[in-house]
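The chain contents come next:
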Amino acid sequence: MFTWNDMVTFVWAFFLTMPVVAFIHSAGHLFFAKLFGGKVKVVLGRGRLLFSLGIFKMRMLYFVDCQSYYEDLKVSNRITRTLVHAGGVIFNLLSIMLVNSAISAGYLPKHMFFYQFVYFSLYYIFFDLLPVEYGEGRYSDGKAIWNIWKEGVKEKEKSR
């Protein structure tokens, strides 16, 4: 049962763990887009802009969402575009393996933060791979990858 004592856990999950997982996910997209010569940027959150630093922008509601964008891949084919779209899942999987290995080796403690980190990373992986169209030209990475291989659709820009 969820009680008032669980509010501290909820607050750090909502305001710390989820944004970290979202940023790692976006970093995966950015890594592969940059690797293949694309122009990239990332926006953490929604609402009023708090600050901007290079390709990174942070908005007031930083915990709501994280968007990554790429365009103009210099190496652009089905494989490279697939890797860009799968980059978030790849980075989430790598971060799960890193955290679990560090806990197993005794470098990190068994702590609720890491449990939530892995839980939310798996959440991101699952929902990102579902081939879903969100409307307004936005869709999951699973749908983008499906489009790339089934229809040969060339993506101009990627979000989330």
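As a starting point, this report considers the structure included with it. (Residues numbered from 1 in each chain as written. Predicted model: local features only at pLDDT ≥ 70, side-chain atom pairs only at ≥ 80, totals over all residues. Heavy atoms only, no water.)

### Regarding the overall build of the chain
In terms of regular secondary structure, the chain is built from four helices and four strands. Ordered by position from the N terminus, the helices and strands of the chain form the series α-β-β-α-α-β-β-α. Whereas a compact globule of 160 residues would reach a radius of gyration of roughly 15 Å, the chain reaches 17 Å, a difference of no more than 12%. Here the chain holds 160 residues, and 39% of them are scored as buried. Carbon and sulfur atoms form 67% of the exposed surface of the chain, whose accessible area is close to 9700 Å². Charge separation in the chain, taken as the distance between the mean sites of 18 positive and 11 negative side-chain charges, equals 5 Å. (Helix = DSSP H or I, 4+ residues; strand = E, 2+ residues; numbered from the N terminus. Rg over C-alpha atoms; globule rule 2.2 N^0.38 Å. Buried < 20%, exposed > 50% of the residue type's maximum accessible area, 1.4 Å probe, protein only. Areas by Shrake-Rupley, 256 points an atom, 1.4 Å probe, with all protein chains shown as cover. Lys, Arg positive; Asp, Glu negative; His and termini not counted. Charge placed at Lys NZ, Arg CZ, Asp CG, Glu CD.)

### Here we look at a nonpolar patch on the surface
A contiguous nonpolar surface patch, about 530 Å² in accessible area, is contributed by L50, F51, L53, M60, L61 and V64. Broken down by secondary-structure element, the contributors of at least two residues to the nonpolar patch are β1 (39-53) and β2 (56-71). With respect to the helices, strands and loops of the structure, L50 is situated in strand β1. By relative accessible area, L50 is classed as partly exposed at 40%. (Patch = residues over 30% accessible without salt bridge, like charges linked within 9 Å, V, L, I, M, F, W, Y side chains within 5 Å. Salt bridge = Lys/Arg side-chain N within 4 Å of Asp/Glu carboxyl O.)

### With respect to the environment of G28
If you trace the backbone, G28 turns up in helix α1 (residues 7-35). Distance in space between the C-alpha atoms of G28 and L94 is 9.9 Å, their sequence separation being 66 residues. With near-sequence residues (within four places) excluded, G28 lies in contact with G87, G88 and F91. (Contact = heavy atoms within 4.5 Å.)

### Overview of the packing of aromatic side chains
Evaluation of the coordinates by the stated rule reveals 15 aromatic pairs. With centroids separated by 5.5 Å and ring planes inclined at 75 degrees, the aromatic side chains of Y119 and F120 adopt a geometry described as edge-to-face. Under the relative-accessibility criterion, Y119 is labelled partly exposed at 49%. What makes F120 buried here is its relative accessible area of 17%. Taken together, the ring pairs in this structure connect F10, F14, F15, Y62 and F63 into an aromatic cluster. (Phe/Tyr/Trp six-rings, centres within 6.5 Å; stacked < 30°, edge-to-face > 60°.)

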